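Take a look at the letters that make up each chain.
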Amino acid sequence: NTGTFASQVTGMYFAVTTTTAQATDLIFQRNFIHGLNNQSASVSASIVGMYLNSGGGLYRNNIVRVGLDANGANIPTGMAISGIWKASGSASNLYYNTVYVGGNVSGTTTSLSYALNRTVNVTTDSIFNNVFVNVRTGGDPTPTVFRHYAVGTQVTLPNMNSNVYFAAGANATFYRNLTSLIDYTTIGALRTALGTDMQSTFADPNFRAPLASTPDLRVQSPTPVERAGRIPDLGNADAAFLSNAPD
């Protein structure tokens, strides 16, 4: 899209009819989504890697990179960007996914960006062993005015633990409560306030080549992603699975 139309570019769109019992039966896995671009000049436009619009399912071992185009170049417009947008009111399980949001907003106005954007109150969602990274920057002249988040979720929390989160740079921080609009800049503050993610980590996963035209989101040492005694590792870092790109 070009011009100023508030269009949405989506890598994968999920709208399925399921019951709660089917949430683990419908499996969406090993997808490698990157290179999405929306050339609209509107900050009301958007890019979404995986849009979970309706129905439930098991989403595992997927890689998403957004905020950079097919050449790994910056997308400077301050449009809304989500790696995974969970808008469905049905129970879903997200396991061993890796999401990277990058780039820099060139102007002083921007919509928000999230690695994980969960806009519904569903207590039966299960979100474990993922890596959610947002290092997109800019969009406000005051660096501590936050616009870019590793996670945004409604206050009714899912089963959510053992993930690795990271956000860094001007206008970026860890977590936004989408109900109260309270921002949490540390995982300790989140645990104290909401009692969640007790075994999760906030740290740079140290990806190999997140900015390449074909990104390599395998990790390299040192990394908080690899866990001694756990197979597979968090996210898609399992060496046997390589970069999680399709065979």
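Residues numbered from 1 in each chain as written. Predicted model: local features only at pLDDT ≥ 70, side-chain atom pairs only at ≥ 80, totals over all residues. Heavy atoms only, no water.

## Looking at the sheet that holds strand β15 (residues 164–167)
Stage number 1. Ordered by their spatial adjacency, six strands build an open sheet running β3-β6-β9-β12-β15-β18, and the pairing between neighbours is parallel. Each edge of the open sheet carries a strand with a single partner, namely β3 (32–33) and β18 (201–202).
Stage number 2. Two strands pair when backbone bridges link them, and strand β9 (residues 98–101) and strand β12 (residues 131–134) are joined in this way by four bridges, in the parallel orientation. Each residue of the ladder has a partner; that of Y100, found in β12, is V133. (Pairing = 2+ DSSP bridges. Helix = DSSP H or I, 4+ residues; strand = E, 2+ residues; numbered from the N terminus.)

## Quick word on the nonpolar core
Stage number 1. M50, I84, L116, F132, V151 and Y165 are the most contacted members of the largest nonpolar core, which has 35 residues in total.
Stage number 2. Setting aside its immediate chain neighbours within four residues, V151 contacts Y114, L116, F132, M160, Y165, F174, Y175 and R176.
Stage number 3. With 12 residues, the next largest nonpolar core counts I63, V131, L217 and V225 among its residues. (Core = buried A, V, L, I, M, F, W, Y, C linked by side-chain atoms within 4.5 Å. Buried < 20%, exposed > 50% of the residue type's maximum accessible area, 1.4 Å probe, protein only. Contact = heavy atoms within 4.5 Å.)

## A short note on unusual backbone geometry
Stage number 1. Backbone torsion omega between S221 and P222 reads 0°, so that peptide bond is classified as cis.
Stage number 2. Mapping P222 onto the fold places it in the segment after β20 (216–219).
Stage number 3. For Y96, which is not glycine, the phi torsion reads 60° and is therefore positive.
Stage number 4. Position of Y96 among the secondary structure elements: in the loop between β8 (92–95) and β9.
Stage number 5. Residue S162 is not a glycine yet carries a positive backbone phi of 60°.
Stage number 6. Structurally, S162 can be placed in the loop between β14 (159–161) and β15.

## So, the packing of aromatic side chains
Stage number 1. For the structure shown, the criterion picks out 13 aromatic pairs.
Stage number 2. Both rings, one in F166 and one in F202, keep their centres 5.7 Å apart while their planes meet at 45°; by these two values the pair is tilted. Residue F166 is located in strand β15, and its partner F202 is located in strand β18; the two are separated by 36 residues in the primary sequence.
Stage number 3. Overall, F202 belongs to the partly exposed group, its relative accessible area being 29%.
Stage number 4. Members of the aromatic cluster, joined through ring pairs, are F132, Y165, F166, F174, Y175, Y184 and F202. (Phe/Tyr/Trp six-rings, centres within 6.5 Å; stacked < 30°, edge-to-face > 60°.)

Nothing here speaks to function; it is all geometry.
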